[in-house]
Amino acid sequence: MANRTSPTVRRRRLATELKRLRKESGKTREEVADFVSCAPATITKIESAATSAPPAYVARMLELYGVDGQERDAWLTVAKQARKRGWWQQFNDAIPNWFTVYVGLEEEAGTIREYECEIIPGLFQTEGYIRGLMDAAPTLPPEDELERRIAVRLKRQELLTANDAPQLWVVLNEAALRREVGGRAVMREQLRRLVEVSGLDTVTLQVLPFRAGAHPAMQHGFFILGFAEPLDPDVVYVEYRTGGLYLEQQSEIAAYGVIFDHLRAKALAPDESRMLIKEIASQMERHE
């Protein structure tokens, strides 16, 4: 169970609860905004977790909803935690706004299920591989921004060896293993890294081989993040070139859960996957 405290997760939890309390009280956003002395749009942003709620606003909202005593104190504590800065916020100039949400969720996730089509998962990437990916972009950022982006990705990898590391289950398409990013020497190092992390108790790594044929996730990769606290429902994250989608409807989460189950059923077992990774690394070495 994760003991990490992420302001992103706290903000999301608070938003869900405040929206629920408002609906149960029968109040409109306009009525709440009038009581709190703010704009209705501010209430909308708070309830959608688009912004952190000032504790003073939360106190007024709880008063309106009739929440007091220990329950009130508990939610005010959550509101204060949601206002704190996560480590990743010092890199805001190097992380797109849409991805900072993912990093905040990842920080406190108890389980992560991931399918990748073309690239090695970020939590497993070596520095050489990261540089190879970034060098392939149509336009390169300034050198200092590039270094900060690399620093963020390497910092995220500390999750793998944390005392409360999430349970990470990855299905990786064989294409990601065979596509040489950064050259053969870099790719061999990357494959050795995969073998290493696949031995961690908290990591399950399966390769979806070409011979598995068609499968239900041929369009894109995705992540399913799960949380220990019942008030923090699972989230599906799908990334595209200029942004990311956060899917939170139960039907969407269930649909991606079924897809992931099909993928891991078609994939090689962890031991077989490790053997294939080693074999591809050996092939690259022989052909140098």
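The preceding data block contains the structure.
What you see is a predicted model; the values in this text were computed from it and never measured.

Q: Looking at this model, I keep getting lost on helix α11 (residues 250–266). Mind explaining?
A: Helical geometry: 3.6 residues make up each α-helical turn, so side chains three or four residues apart lie on a common side. For α11, built from 17 residues, the straight-helix expectation of 24 Å at 1.5 Å per residue is met to within 8% by its first-to-last C-alpha distance of 25 Å. Those residues of α11 not exposed but buried are I253, Y256, G257, F260 and L263. With its buried residues spanning 120° around the axis, α11 presents them on a single face. Those residues of α11 that are exposed and angled more than 90 degrees off the buried face are S251 and A265. In this fold, the buried residues of α11 make contact with β1 (111–116), β2 (167–173), β3 (203–208), β4 (222–226), β5 (235–240) and β6 (243–247).

Q: I would appreciate a short explanation of the pattern of salt bridges in the present structure.
A: Oppositely charged side chains can form a pair if their charged atoms are brought close together. Inspection of the entire model under this criterion finds 21 salt bridges. Salt-bridge contacts for E127 lead to R131; the nearest nitrogen and oxygen are separated by 2.9 Å. On the criterion of helical spacing, the pair formed by E127 and R131 is a turn pair, its members being 4 residues apart in helix α7 (residues 127–135). Residue R131 is classed as partly exposed on the basis of its relative accessible area, which comes to 27%.

Q: Hey, could you run me through the environment of G104 in this one?
A: Along the chain, the position of G104 falls in helix α6 (residues 97–108). In sequence terms G104 and S25 are 79 residues apart; their C-alpha atoms lie 31 Å from each other. Residue contacts for G104: discarding those within four places in its chain leaves S6, T8, V9 and W88.

Q: What exactly am I supposed to notice about unusual backbone geometry here?
A: Trans is the common state for peptide bonds, and a negative phi is the common state for residues other than glycine. The backbone of S37 shows a phi angle near 70°, a positive value even though the residue is not glycine. Among the secondary structure elements, S37 is positioned in the loop between α2 (29–36) and α3 (40–47). Here A49, not a glycine, exhibits a phi torsion of approximately 65°, which is positive. You can see A49 is positioned in the loop between α3 and α4 (55–65).

Q: Sorry if this is basic, but what is going on with the packing of helix α10 (residues 184–197) against helix α12 (residues 270–286) here?
A: Two elements in contact, α10 and α12, have axes separated by 9 Å at closest approach and are oriented at 160°. Our classification of the angle between α10 and α12 gives roughly antiparallel. Relative to α12, the crossing made by α10 is left-handed. In this structure, α10 contributes R184, M187, R188, L191, L194 and V195 to the contact, and α12 contributes R274, I277, K278, I280, A281, M284 and E285. For the contact of α10 with α12, the per-class residue count stands at 8 nonpolar, no polar and 5 charged.

Criteria and thresholds
Residues numbered from 1 in each chain as written. Predicted model: local features only at pLDDT ≥ 70, side-chain atom pairs only at ≥ 80, totals over all residues. Heavy atoms only, no water. Helix = DSSP H or I, 4+ residues; strand = E, 2+ residues; numbered from the N terminus. Expected span 1.5 Å × (residues − 1). Buried < 20%, exposed > 50% of the residue type's maximum accessible area, 1.4 Å probe, protein only. Arc of directions from axis to C-beta. Contact = heavy atoms within 4.5 Å. Salt bridge = Lys/Arg side-chain N within 4 Å of Asp/Glu carboxyl O. Axes fitted to C-alpha atoms, helices over the stretch in contact; angles between N-to-C directions. Parallel < 35°, antiparallel > 145°, perpendicular 65-115°, else oblique. Left-handed = near helix turned anticlockwise from the far one by under 90°. Nonpolar A, V, L, I, M, F, W, Y, C, P; charged D, E, K, R; others polar.

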